[in-house]
Amino acid sequence: DQQVKQNSPSLSVQEGRISILNCDYTNSMFDYFLWYKKYPAEGPTFLISISSIKDKNEDGRFTVFLNKSAKHLSLHIVPSQPGDSAVYFCAASATSGTYKYIFGTGTRLKVLA
Amino acid sequence: GAGVSQSPSNKVTEKGKDVELRCDPISGHTALYWYRQRLGQGLEFLIYFQGNSAPDKSGLPSDRFSAERTGESVSTLTIQRTQQEDSAVYLCASSLGGGGYGYTFGSGTRLTVV
């Protein structure tokens, strides 16, 4: 049972435009969410987080939106840059537990110059 | 060290052999996690250590998999009698234990069972 789903395995966006990566979850106990970015042959790196007490968190070009009623979050990157080309994972945790994060299957973003 | 260090970076082994993967977490990080990523799939949780508490082994796929951690330092993941389906990138991560910081991952060990 995939509790965290990223239904788009890949996405291509023109440089300078907005990239929107989506993530859905099924467990209503999840209350903390992270986005990670992964380049080939490297470990994932933390990008941005959001707590369930918020519906938006912004950090520079990256904004994460959370819709708790829909159990949906999205990562917006604007403007997109070629260096943003990577695999993006969303992850969710019920922080009252062990901080064990459940990861989605990832979305490969390609930003075209 | 400054980051999470994993060794070896690559390992090719014959089916049926045992392998041991090592992880050096960031100093001071009380929590340590093992994940794996098989080809075309997401990150799959394997095991979690937090301080001196009993580890959360709920993600280990079979009894061929085991992991140990010495205090709040090095961890080893052992796979006995490796099978081809064990081929994956095994990722170790550590954290301060707070959800707000997420994890810091190592670069992983790419295991290939032939």
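Residues numbered from 1 in each chain as written. Chains lettered and ligands numbered in written order. Predicted model: local features only at pLDDT ≥ 70, side-chain atom pairs only at ≥ 80, totals over all residues. Heavy atoms only, no water.

**Let's talk about the state of the cysteines**
Residue and element names in this part refer to chain A. The final tally for this structure, using the stated rule, is two disulfides over all chains. The disulfide partner of Cys23 is Cys90, and the gap between their sulfur atoms is 1.8 Å. Its S-S torsion of approximately 65° makes the covalent link between Cys23 and Cys90 right-handed. Of this pair, Cys23 sits in strand 3 (residues 19-25) while Cys90 sits in strand 9 (residues 86-93), placing them 67 residues apart in sequence. The residues Cys23 and Cys90 share a single accessibility class, namely buried. (Disulfide = S-S within 2.5 Å. Helix = DSSP H or I, 4+ residues; strand = E, 2+ residues; numbered from the N terminus. Buried < 20%, exposed > 50% of the residue type's maximum accessible area, 1.4 Å probe, protein only.)

**Notes on the nonpolar core**
Of all hydrophobic cores here, the largest spans 23 residues; its most connected members are A:Phe33, A:Trp35, A:Leu73, A:Leu75, A:Ile77 and A:Tyr88. Considering each element in turn, this core owes the most residues, four residues, to strand 9 of chain A. If near-sequence neighbours (up to four positions away) are discounted, A:Ile77 is found in contact with A:Arg17, A:Ile18, A:Ser19, A:Leu21, A:Arg61, A:Phe62, A:Asp84, A:Tyr88 and A:Leu109. One finds B:Leu21, B:Ile26, B:Cys92 and B:Leu111 within the second-largest nonpolar core, a separate group that totals 20 residues. (Core = buried A, V, L, I, M, F, W, Y, C linked by side-chain atoms within 4.5 Å. Contact = heavy atoms within 4.5 Å.)

**Remarks on the layout of surface pockets**
If you add up the space inside the largest pocket, you get close to 670 Å³. As for the largest pocket, its lining consists of 28 residues, and the residues nearest its centre are A:Lys38, B:Gln37, B:Leu39, B:Val89 and B:Arg110. Sorting elements by how many residues they give to the lining of the largest pocket places strand 10 (residues 109-113) of chain B first, with four residues. When its volume is computed, the second largest pocket comes out at roughly 360 Å³. Lining the second largest pocket are 15 residues, and of these A:Gln2, A:Ile102, B:Leu43, B:Glu44 and B:Phe45 lie nearest its centre. Mapped onto the lining of the second largest pocket, the elements with two or more residues apiece are strand 10 (102-103) of chain A together with strand 5 (43-50) of chain B. Per element, the largest residue contribution to the lining of the second largest pocket is three residues, and it comes from strand 5 of chain B. Partitioning the lining of the second largest pocket into residue classes produces six nonpolar, six polar and three charged. (1 Å grid on protein atoms, 1.4 Å probe; cavity = no way out; pocket = protein on both sides within 12 Å on 5 of 7 lines; lining within 4 Å. Points joined across faces, edges and corners; volume = space filled by probe spheres on them. Nonpolar A, V, L, I, M, F, W, Y, C, P; charged D, E, K, R; others polar.)

**Concerning the pattern of salt bridges**
Within this structure, the stated rule accounts for eight salt bridges over all chains. The partner of A:Lys56 in a salt bridge is A:Glu58, and the shortest N-O contact between them spans 4.0 Å. Where B:Arg64 meets B:Asp86, a salt bridge forms, and the shortest distance between an N and an O atom there is 2.8 Å. Remark: B:Asp86 occurs in the loop between strand 7 (75-79) and strand 8 (88-95) and B:Arg64 occurs in the loop between strand 5 and strand 6 (65-69); sequence separation between them is 22 residues. Judged by relative accessible area, which is 12%, B:Arg64 ranks as buried. Residue B:Asp86 is classed as buried on the basis of its relative accessible area of 1%. (Salt bridge = Lys/Arg side-chain N within 4 Å of Asp/Glu carboxyl O.)

Keep in mind these numbers describe shape, not what the thing actually does.
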